[in-house]
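Residues per chain are reported as follows:
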Amino acid sequence: MSHPLYDGAVEILARNDLGHYTVPTHGLYPFQWNWDSALSALGQSYVNESRAWTEIETLFDHQWPDGMVPHIIFHKEDEGYFPGPSVWGTERPVPTSGISQPAVTGFAVRKLFERAKDLPSARARAKALLPKIQAWHDWFFATRDPEETGLVAIIHPWESGRDNSADWNAALSRVPTEGVGDFQRRDIQHAAAAHRPTTEQYQRYIWLVKHFRAQGWDTAKLHDASPFRVVDPGFNAILLRSCADLAWLAEQLDEPAIGARAKTQSDKGLAAMEHLWSDRHQQYLCYDRAIGAPVDCLTVGGLLPVFTAIAPDRSARIAARLEDLARRTTYMIPSHDPHAPEYDGERYWLGPAWLIVNYMIADGLNRDGHTEIAARIVGDSMKLIVESGFSEYYDPMTGAPCGGPHFTWTAAMVIEFLKQTGGVE
Ligand code: DGY
């Protein structure tokens, strides 16, 4: 069944496909990114099921011996990106970064498995991935939750995927810039500087990379050694959803030990998530672990928990927050509340709408019966594509395309939405 948007999305997946992995977009992001790959595999699964499994398998081929799955895999050299392998210095056989990214793979693999047409192959491929995903989750809980609270901290804004969110402003201001040296940013040669993080933020991002490198990339040490340690409800929600989906998969695949472990992690994390709830803000807030205080900031990271199985009452309040945002926004979902002082509709995670976030939030809302607001979110997502093409992100008021063009995971989400709404067979 052909549909112009479906055909456009398939074309973008093909354009960015390098055989065994997909770049988010040529130029701006010329390597494999962790959560980009996992989410892109969802759209790809409708186009070429086997290729979708390969995307995730490639990612896990580069898992570190300690269990971490890095946020970037530098499959081949590209001078157009900074910071490249020589800055990271992780000394992996194929160079990678040394930090991770939202663990959405457990969720993605369940989806691939559930919709598989080739069941024997899906069973075998999911079964092989299962212990690797579990090892990654175990690594998160072991190294990023040393006090066993049930929730993990990120140690670099890049790990959150929401790089320049105002959630990190206070914590990042404690990261020094001294000694970081000169460097040339490459991102602003590919995208408008007004859509990207600031150079001061980049200095702090690079300081952290150099600091971790000086610890020999011993990931067991980095949490305590980092001045930046933030518990992000969005990041944790994605991890906990993946734990729950892994438990479900383990049951289908006769892996009871993994199933029990994953379920314990999910249950414990969900109970701990309650500590991040703010009655005053009617949403979840980040928690700055380095100073032991909540972060007073209204971002989409505090709405993302609806992606995982939070209590019905919390889910209803998130739905109400989203309805309020919908009244104040042309295109859902702004990544930062438009009434908040830091809001900037074009600058990366300070306001723009992202289709992957829309997809995850709509998924949770539909599961919990908040179908009207979910439909608004999906409808707005499709309008953005019609009006502004397959961009990285969009101004939630004007709908203007921002960041990089021809974006893989945006295309993948369009395929998902078209399938969900019956737009294509
Ligand atoms: C970038 O380079 O902007 C990425 O988000 C870092 O992973």
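Just so you know, these numbers come straight off a predicted model, no measurement behind them. (Residues numbered from 1 in each chain as written. Predicted model: local features only at pLDDT ≥ 70, side-chain atom pairs only at ≥ 80, totals over all residues. Heavy atoms only, no water.)

1. A closer look at the nonpolar core
Rules: We call a set of buried residues a nonpolar core when its members are Ala, Val, Leu, Ile, Met, Phe, Trp, Tyr or Cys and they connect through side-chain atoms within 4.5 Å of each other. Classification of residues uses two cut-offs on accessible area relative to the type maximum, computed with a 1.4 Å probe and protein chains only: under 20% is buried, over 50% is exposed, and between them is partly exposed. Two residues form a contact once any of their heavy atoms are found within 4.5 Å.
Phe228, Leu322, Ile356, Ile361, Leu365, Met413 and Val414 are the most contacted members of the largest nonpolar core, which has 141 residues in total. If near-sequence neighbours (up to four positions away) are discounted, Met413 is found in contact with Leu39, Leu42, Leu355, Ile356 and Tyr359.

2. Focus: the environment of Gly181
Cut-off, in case you're wondering: Only DSSP runs of H or I with at least four residues qualify as helices, and only runs of E with at least two residues qualify as strands; both kinds are numbered from the N terminus onward.
Relative to the helices and strands, Gly181 resides in the loop between α8 (169-173) and α9 (187-190). When the C-alpha atoms of Gly181 and Asp395 are compared, they prove to be 33 Å apart, with 214 residues separating the residues in sequence.

3. Thoughts on the packing of helix α3 (residues 49-61) against helix α6 (residues 119-144)
The criterion, for reference: Fitted lines through C-alpha atoms serve as axes, helices being fitted only where they are in contact, and the angles separating the N-to-C directions of these axes extend from 0 to 180 degrees. Roughly parallel means an angle under 35 degrees; roughly antiparallel, over 145; roughly perpendicular, 65 to 115; everything else is oblique. The sense of a crossing depends on the near helix, which, turned anticlockwise from the far helix by less than a right angle, makes the crossing left-handed and, turned clockwise, makes it right-handed. Basically, the charged four are Asp, Glu, Lys and Arg, the nonpolar ten are Ala, Val, Leu, Ile, Met, Phe, Trp, Tyr, Cys and Pro, and anything else, Gly included, counts as polar.
Two elements in contact, α3 and α6, have axes separated by 11 Å at closest approach and are oriented at 30 degrees. Considering their axes alone, α3 and α6 lie roughly parallel with respect to each other. The interaxial crossing formed by α3 with α6 has left-handed handedness. On the side of α3, the interface is formed by Ser50, Trp53, Thr54, Ile56, Glu57 and Phe60, while α6 contributes Ala122, Arg125, Ala126, Leu129, Lys132, Ile133 and Trp136. Classifying every residue of the contact of α3 with α6 gives eight nonpolar, two polar and three charged.

4. Comments concerning the site of the ligand
Rule in force here: Near residues are defined by distance, with any heavy atom within 4 Å of the molecule or strand qualifying the residue. Here a polar contact is recorded for every N or O atom pair within 3.5 Å, except that within protein the pair must consist of a potential hydrogen donor and a potential acceptor, and residues adjacent in sequence are included only if both atoms are side-chain atoms. To measure how exposed things are, a 1.4 Å probe is used in the Shrake-Rupley method; for residues, cover is taken only from the protein chains shown.
Around the ligand, the neighbouring residues are Tyr29, Trp33, His71, Tyr81, Trp158, Asp163, Arg196, Tyr202 and Tyr348. Residue Tyr348 places a side-chain N or O atom 3.2 Å away from an oxygen atom belonging to the ligand. Isolated, the ligand exposes 230 Å² of accessible area, and the fraction of that covered by the protein chains is 96%. For the shell around the ligand, the class distribution of residues is six nonpolar, one polar and two charged.

5. As for the environment of Gly80
Assignment of secondary structure puts Gly80 in the loop between β2 (72-73) and α4 (85-88). With a relative accessible area of 17%, Gly80 lands in the buried category. The spacing of Gly80 and Trp64 is 16 residues in sequence and 25 Å in space, taken between C-alpha atoms. Beyond its immediate stretch of four places on either side in the chain, Gly80 contacts Gly27, Arg186 and His190.

6. Considering unusual backbone geometry
Here the amide bond leading from Phe82 into Pro83 is cis, since omega sits at 0 degrees, within 30 degrees of zero. Here Pro83 lies in the loop between β2 and α4. A cis amide bond, omega -5 degrees, links Met332 with the succeeding residue Ile333. Secondary-structure assignment places Ile333 in the loop between α14 (312-327) and α15 (355-367). Its identity is not glycine, yet Glu91 carries a phi of approximately 55 degrees, on the positive side. Within the secondary structure, Glu91 sits in the loop between α4 and α5 (105-114). On the accessibility criterion, Glu91 (75% relative accessible area) is exposed. A positive phi angle, near 55 degrees, is found at Asp254, a position not held by glycine. Counting through the fold element by element, Asp254 comes out in the loop between α12 (233-252) and α13 (256-273).

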